[in-house]
Amino acid sequence: MRKVLLSMVFALAGAITYAGGYRVGVQGQRALAMGHTGVAVVNSAELGFFNPAGLVYLENQLTISAGVSAVFSEVAWQNEKTGESARTDNPAGTPFYFNASYKLNENLAVGLSVYTPYGSTVKWEDDWAGSHLVNNIELQAIYIQPLISYKVADFLSVGGGPIFVTGSVNFNRNLSRTLTDIDGNRANVTIDASGVNEWGWSASALFTATEDFRIGINYRSEIIMNAEDGDADFQNIPDTPLAPFSDTTFDAQLPLPAELTVGLSYQLNEKWLLAFDFNRTFWDVYESLDIKFANGVVSQNARNYEDANTWRFGAQYEATDRLTLRAGYYLDESPVQEGYFAPETPRNDSMGFTAGLSLDVTSRLAIDASFAYVRFDEVDASYDYYVDENNQTVPFGGTYKSVAFIPGLGVTYKF
């Protein structure tokens, strides 16, 4: 029976690992409208996330940027051999951001940023074909970061600051492909942990080569979220010694990988600004994930994720004195290697098409809007590391189609 419990725990660990790797790139309406470029663009307090070194170059003493997006996503799965199919019914995700910058003098600025770079909400139909891997999951991480920006010279500034992260996870799946109680209800487990807090840091630089040409670099450290004494709730367990499950607690680690972004911006003329960012996310931190239940069972799982790159392109056009238009595109690689494609966050290579605008309501207040359409490549993929109650490896695969729409709205205030 210990093998049965271990096999179920192993499958659970795989689900958590993949969910922890979900990155949400919506940390500013102006930047998102330009393909989520921003490491070398000086146009708002969104720099607090993209490149704190640039805050000292903002024209006004106080600049605030805040906003929220609505992520509408859907995933369809089908196994052509069995004819089975399923579709997610995900609630809208609402990642948000708040950035504030205050110039103390011409060479020094301070700021505060709050943003949500990691999160996942996926809801499949209960008891669907892949319910032994996941029924639903909700993951959230909120970053809170005080900032400093210092101008070393007219052509060079540096910035950064410590990062405080608070996170939570709630995950449910069935214990096996067949186990039920006497009434036929599928046995399942929900793990829940909240108030998970850790620290990280970021550092950045902005080089102004000419009046029209800037180069930026920003590094955000990896953060390992340590969930301790989380709740594990077992439901619909049959009354048999073959299924000795009872509520308990667990410890686990969820890694949030480091990121390095380099980019440039070029003011083509009075109307046009062009931008490019290259981002590398160090997903290889997912070498393994360990989960320890209070009953002494420890699960160690090799993941072997690989680093992934994103290429981003953006343009900004000042249509009138009050209206600025933006558009962008990006190509985002998946960090998931063959054989590890699980339905918790079924992410494969994707392309993002973005657009947006800013409208100056007054000389101090502007409304920022963006829209992103994310098209994921259709993929035939499988998760090959599920071990059933007979200690047999049972792959789960099929064809996945995914799409996401992300409208967003924000404001920029300067004084």
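Residue numbering note: each chain is counted from 1, following its sequence as written. The model is predicted, so local features are restricted to residues of pLDDT at least 70 and side-chain atom pairs to those at 80 or more, both for listing and for counting; the totals for chains, interfaces and linings are taken over all residues. The side-chain quantities take in all heavy atoms of the structure and omit both hydrogens and water.

### A closer look at the overall build of the protein
Counting its secondary structure elements, the protein contains three helices and 21 strands. A compact globule built from 415 residues would reach a C-alpha radius of gyration of about 22 Å, and the protein, at 23 Å, matches this within 12%. Along the longest, intermediate and shortest principal axes, the C-alpha atoms of the protein span 75 × 40 × 35 Å. The cut-offs for exposure are 20% and 50% of the maximum accessible area for each residue type, with area from a 1.4 Å probe on protein chains only; residues under the lower value are buried, those over the upper are exposed, and the others partly exposed. The buried share among the 415 residues of the protein stands at 54%. The helix and strand labels rest on DSSP assignments: H or I over at least four residues marks a helix, E over at least two residues marks a strand, and numbering proceeds from the N terminus. Restricting the calculation to C-alpha atoms gives the radius of gyration, and the globule rule supplies 2.2 Å times the number of residues raised to the power 0.38.

### Here's the deal with the environment of Tyr57
Turning to its location among the elements, Tyr57 is positioned in the loop between helix H3 (47-50) and strand S1 (62-69). A relative accessible area of 15% means that Tyr57 is categorised as buried. A sequence separation of 94 residues divides Tyr57 from Lys151, and the C-alpha atoms of the two residues are 8.4 Å apart.

### Points about the nonpolar core
Trp124, Tyr143, Val165 and Leu256 are the most contacted members of the largest nonpolar core, which totals 56 residues. In terms of residue count, strand S10 (residues 223-235) provides more of this core than any other element does, five residues in total. We call two residues contacting when some pair of their heavy atoms lies within 4.5 Å. Those residues in contact with Tyr143 that sit more than four places away from it in its chain are Ser113, Val114, Tyr115, Pro117, Tyr118, Ile163, Phe164, Val165, Arg220, Ile223 and Leu256. Here, nonpolar core refers to any group of buried Ala, Val, Leu, Ile, Met, Phe, Trp, Tyr and Cys residues whose side-chain atoms link them within 4.5 Å.

### Quick notes on a nonpolar patch on the surface
Each patch groups residues whose relative accessible area exceeds 30% and which form no salt bridge, using 9 Å between like charges and 5 Å between nonpolar side chains of Val, Leu, Ile, Met, Phe, Trp and Tyr. Accessible surface is estimated by sampling points in the Shrake-Rupley manner with a 1.4 Å probe; for residues, cover comes only from the protein chains shown. Think of a salt bridge as a Lys or Arg side-chain nitrogen and an Asp or Glu carboxyl oxygen that are within 4 Å of each other. On the surface, a nonpolar cluster with roughly 770 Å² of combined accessible area is contributed by Leu325, Leu357, Leu359, Val361, Leu365, Ile367, Leu409, Val411, Tyr413 and Phe415. Every element with two or more residues in the nonpolar patch is listed here: strand S18 (350-360), strand S19 (365-376) and strand S21 (396-414). Ranked by the residues each element gives to the nonpolar patch, the list is headed by S21, at three residues.

### Here's the deal with unusual backbone geometry
Despite not being glycine, Asp127 has its phi angle at roughly 65°, a positive value. Of note, Asp127 is situated in the loop between strand S5 (108-123) and strand S6 (136-153). In this structure, Asn236 is a non-glycine residue whose phi angle is positive, near 60°. In this structure, Asn236 sits in the loop between S10 and strand S11 (248-256).

### Digging into the environment of Ile215
Summarising the element assignment, Ile215 is placed in strand S9 (residues 213-220). For the pair Ile215 and Ala33, spaced 182 residues apart in sequence, the C-alpha separation works out to 20 Å. Other than its neighbours up to four places away in sequence, Ile215 contacts Ala40, Ala205, Leu206, Phe207, Gly263 and Leu264.

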